[in-house]
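# Observations on the three-dimensional arrangement
The lines below spell out each chain.
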Amino acid sequence: MACEAIQPSYFYATDSDAHVLVGPDAKPSASSPGVPVFEPTMAQFADFYAFCQAIDAWGMQTGIVKIVPPREWVEALPSLRPDADPQHAHLGKVRIRHAITQHFLAAGPGRWKQTNVTRAKPYDAKQWSDLCMCQRGPAMSRIRRQVAANRAAEVAHQHSRSYASSDAPPIDAPGKLTRSGGLSRDASQRSVPKCSTTTTQDWDTFDFEHGWLNEALTDAEREAGHHVSVRDWDVLSCRAIEAEYWRTLNLGTPPMYGADQQGTLFDDRTTQWNVGTLDSLLSRTLKCALPGVTTPYLYFGMWRASFAWHVEDMDLYSINYIHFGAPKQWYAIRQADRKRFESVMASTFPADARKCAHFLRHKSFLVSPSVLASHGIQPLRLVQHAHEFVITYPYGYHSGYNLGFNCAESVNFALPTWIEIGRRADYCRCPLAQESVHFDVNAWWPTEQQPEPVVLGHKCIFCPHDTSLDTLVPVPAEACAALERTNAKKSLSASASPYMAHRLCACFLPETWVDASSQVQGAATIERSRWTLKCQVCTDPADRMHGAKIQCTKGRCVHAVHVSCALNETSGWLLDICARETADQLEGVRSSSDAPEERAVVLCRAHNPHRRAIEMQRRHEAVRDKLRALTFPMPVRIKMQGAVWTVQLLGVDEAKHEVVVQESSTAAAKQVPWTCLVLDERPSPETHRETKKRRVHCARDVDIYEN
């Protein structure tokens, strides 16, 4: 098929329940009203490589697209039942190994950090389905009542605006929302079933394609013979389920995700759009197997099993196909909003952003659409159903979650237009990367390498650090001209022109921010004194004076620091965006009720409670390690009441961080904090005798064991 442009059938609904139809003259644009959905004919669908090139311009504007394959292609797919054809791919061969349990730690309103705990026990698809029944989402009957109530409320609102009396019937209140991760009372009290061996009879009765629908029924509804249909998961119902997801994300039992399972459920009987053998620039060039990149992964989901915000390794394309089961909810960021999105995420998780420039590739950070909307970023929404494809594009950040038991298959691919993107792609080098994939694009597609220009002077006008851990954004020329007439003149003269600044520095200085065009705004309004303060972390005198600093927000503390220095863990400073209650607690103040819900907290080494806790933990660990190497009883020294005493060490209580000591053979044994021990060297017998003499003459009546 020739690589001709193909129009989407419609844009997936965003702000309403109706899809937006696409006009015959519509062109790809950064202002598209939603995610493009393509419903190709069999002739268009036949050639995957040509089809993807034909729709590439659309995906490079919206980040993701959805493809609904022709009905004849879906009907021709081989059965996945174990008894259908043992020689080919089927569900009975699949084992879900090293599934992860996902824990979501709240990092502020609408923000979470995700941690994964690997499970050693393997599961088959039937056992996984049983687990999903115990982790099921909200009942569809309650979702329907909620949707009906919302519709009635909208009608009443519109009617009230006409200043006429309403004859609308009374509105039934929606079902009471629970705090158990969307489970009803009878569901939340069920225990997880024991995963017994799946028998042949179990496979015969296992309806893997439609069994997930029972997750939307309460136990009482299922016993009464109630049924739900796939059509019930329409736009409005999925929107109500979405609200339930964000409301209960870190409540109830943590979900599990059978992610990154090597394998495929396609075989050679499927010749078109076979995810296991896709025709791609990678498959045509790379002859090695890179799991997840050139060979596919299977993903077994359940309710609330999530994938955090990220882009693909090497900024590649990816394709995701749901073989069967519940839908997936997707979120996407337009490529035009990528820089602004990265800036928002970096300011939301500053400590993580400072540790790694590619911290979003850790796939550990979730932010709700409402939080992004408050920063001027409107994420696109999309619901993917069984037997539908979703393609993600370079630079297109995406995230989402599963609505119940399902199985998807995914792999990366590339088009010729990706080569230049791949040359510029970077990757995560820190230990937190989840098996980040990187390969030398120039080795496979050679080109002449241009030397990088040499930049003299500081790269950032706000701090002295030339680091690759934070991207640089330009400072407008008019702002720099205004700064040349202030105390910032020395910092500008020591910086490289054109003047730039780190994103995080611009985000955390109170007067500045980064706008939608990725430029620093407000630089001319920076307080003059910020340029003359001295950084408490920098050691070089010139570095201490360079740039603008922020001050500790605890009381009247005058300590100052560069933003980049404060974000360095080794500095001992704390710099973070905290909710009002948390910020008040850290700073020892009480804000008024009309104060902002969040604010930046800056605490120096002396006022950082986290540093004190870490230092105390470090001291305890050092003492514990030394005590474990000692033998009992033995003479040791303790420092108390301004003096050093020699006593006999009888034992250690690690739980209480105390040691049992005895002053003399006739005295009673007592416990003292082990941080009072002086373990730098063992006392000699002479020192022991001299210390004992001084102790007797100093204070016979003083109890040395009390602080």
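Before any of the text, the structure's been laid out above.
This section reports on the structure supplied with the text. Keep in mind that this is a model prediction, so the values were computed, not measured. (Residues numbered from 1 in each chain as written. Predicted model: local features only at pLDDT ≥ 70, side-chain atom pairs only at ≥ 80, totals over all residues. Heavy atoms only, no water.)

### Looking at the overall build of the protein chain
Looking only at helices and strands, the protein chain has 24 helices and 30 strands in total. Relative to all contacts within the protein chain whose residues are 6 or more apart in sequence, the contacts with residues 24 or more apart total 75%. With an accessible surface of roughly 34,500 Å², the protein chain has 51% of that area assigned to carbon and sulfur atoms. (Helix = DSSP H or I, 4+ residues; strand = E, 2+ residues; numbered from the N terminus. Contact = heavy atoms within 4.5 Å. Areas by Shrake-Rupley, 256 points an atom, 1.4 Å probe, with all protein chains shown as cover.)

### Observations concerning the sheet that holds strand β13 (residues 380-384)
The four strands lie next to each other as β9-β15-β11-β13, forming an open sheet whose pairing is antiparallel. Each having just a single partner strand, β9 (306-310) and β13 make up the two edges of the open sheet. Between one strand axis and the next, the sheet turns through 15° on average, direction left out of account. (Pairing = 2+ DSSP bridges. Axes fitted to C-alpha atoms, helices over the stretch in contact; angles between N-to-C directions.)

### With respect to the sheet that holds strand β3 (residues 36-38)
Reading across from one edge, β2-β1-β3-β4-β14-β10-β16-β8-β7-β5-β6-β12 is the order of the 12 strands in this open sheet, with mixed pairing throughout. At either margin of the open sheet sits one strand with a lone partner, and together these are β2 (20-21) and β12 (365-367). Relative to strand β8 (residues 297-301), strand β7 (residues 256-262) runs antiparallel, the two being bridged by three bridges. Each residue of the ladder has a partner; that of Q261, found in β8, is L298.

### Description of helix α5 (residues 125-133)
Taken across its nine residues, α5 has eight buried, putting it largely inside the fold. Turning to α5, its buried residues number three or more, namely A125, K126, Q127, W128, S129, L131, C132 and M133. The inward-facing, buried residues of α5 contact α8 (200-205), α9 (219-223), β7 and β8. Where α5 starts, the residue carrying a side-chain oxygen 3.1 Å from the main-chain nitrogen of K126 turns out to be D124. (Buried < 20%, exposed > 50% of the residue type's maximum accessible area, 1.4 Å probe, protein only. Polar contact = N/O pair within 3.5 Å; in protein donor to acceptor, adjacent residues only side chain to side chain.)

### Here's the deal with the state of the cysteines
Under the defined criterion, the tally for this structure stands at zero disulfides. In this structure C356 is not part of a disulfide, and its nearest cysteine sulfur, from C428, lies 3.6 Å away. Looking at C356, the relative accessible area reads 6%, which means it is buried. With no disulfide of its own, C565 has C538 as its nearest cysteine by sulfur position, at a separation of 3.6 Å. (Disulfide = S-S within 2.5 Å.)

### Some thoughts on helix α22 (residues 580-587)
When we look at burial in α22, the residues that qualify are R580, A583, D584, L586 and E587. Within α22, the buried residues cover an arc of 165° as seen down the axis, which keeps them to one side. Residues of α22 that are exposed and angled more than 90 degrees away from the buried face: E581 and Q585. Against β24 (574-579), β25 (598-603) and α23 (609-628) lie the buried residues of α22. Backbone geometry just after α22 places G588 at a positive phi near 70°. (Arc of directions from axis to C-beta.)

### Things to note about the packing of aromatic side chains
Counted under the stated rule, the structure contains 39 aromatic pairs. Both rings, one in F11 and one in W58, keep their centres 6.0 Å apart while their planes meet at 55°; by these two values the pair is tilted. A residue pair is termed long-range when its members are at least 10 positions apart, and F11 in strand β1 (residues 10-11) and W58 in helix α3 (residues 56-62) qualify at 47 residues. Assigned by exposure class, F11 and W58 land together as buried. A connected cluster of aromatic rings, assembled from ring pairs, spans F38, F45, F48, F51, W73, F266, W273, Y317, Y321, F389, Y393 and F413. (Phe/Tyr/Trp six-rings, centres within 6.5 Å; stacked < 30°, edge-to-face > 60°.)

### Section: the environment of T198
Inspection of the secondary structure puts T198 in the loop between α7 (185-188) and α8. Owing to a relative accessible area of 14%, T198 belongs among the buried residues under this scheme. For T198 and K126, which are 72 residues apart along the polypeptide, the C-alpha to C-alpha distance reads 7.0 Å. Setting aside residues no more than four positions away along its own chain, T198 makes contact with D124, K126, Q127 and W203. In terms of polar contacts, T198 uses its side chain to reach the side chain of D124, at 2.7 Å.

### Let's talk about the pairing of strand β27 (residues 643-653)
Each regular strand displays side chains that alternate between the two surfaces of the sheet. Inspection of the sheet shows strand β26 (residues 634-640) paired to β27 by seven bridges, in the antiparallel sense. Each bridged residue has a counterpart across the sheet, and for R637 the counterpart in β27 is T646. With antiparallel pairing between neighbouring strands as the criterion, β26 and β27 make up a hairpin whose turn holds two residues, including Q641 at a positive phi of roughly 55°. Examined bridge by bridge, β27 and strand β28 (residues 658-662) share five bridges and lie antiparallel to one another. Paired with G651 across the two strands is V660, which belongs to β28. In sequence, β27 turns back onto β28 through a hairpin of four residues, with H657 there showing a positive phi of about 55°.

### Structural notes on the side chain of S237
Checked against the element boundaries, S237 lands in helix α10 (residues 235-247). In contact with S237, not counting residues within four places along its chain, are M140, I143, V147 and D232.

### Considering the environment of Q519
Looking at the element boundaries, Q519 is found in the loop between β20 (513-514) and β21 (520-521). Judged by relative accessible area, Q519 falls into the partly exposed class, the value being 29%. Q519 sits 46 residues away from V473 along the chain, and the two C-alpha atoms are 5.7 Å apart. Contact partners of Q519, with chain neighbours within four places excluded, come to P474, P476, W513 and V514.

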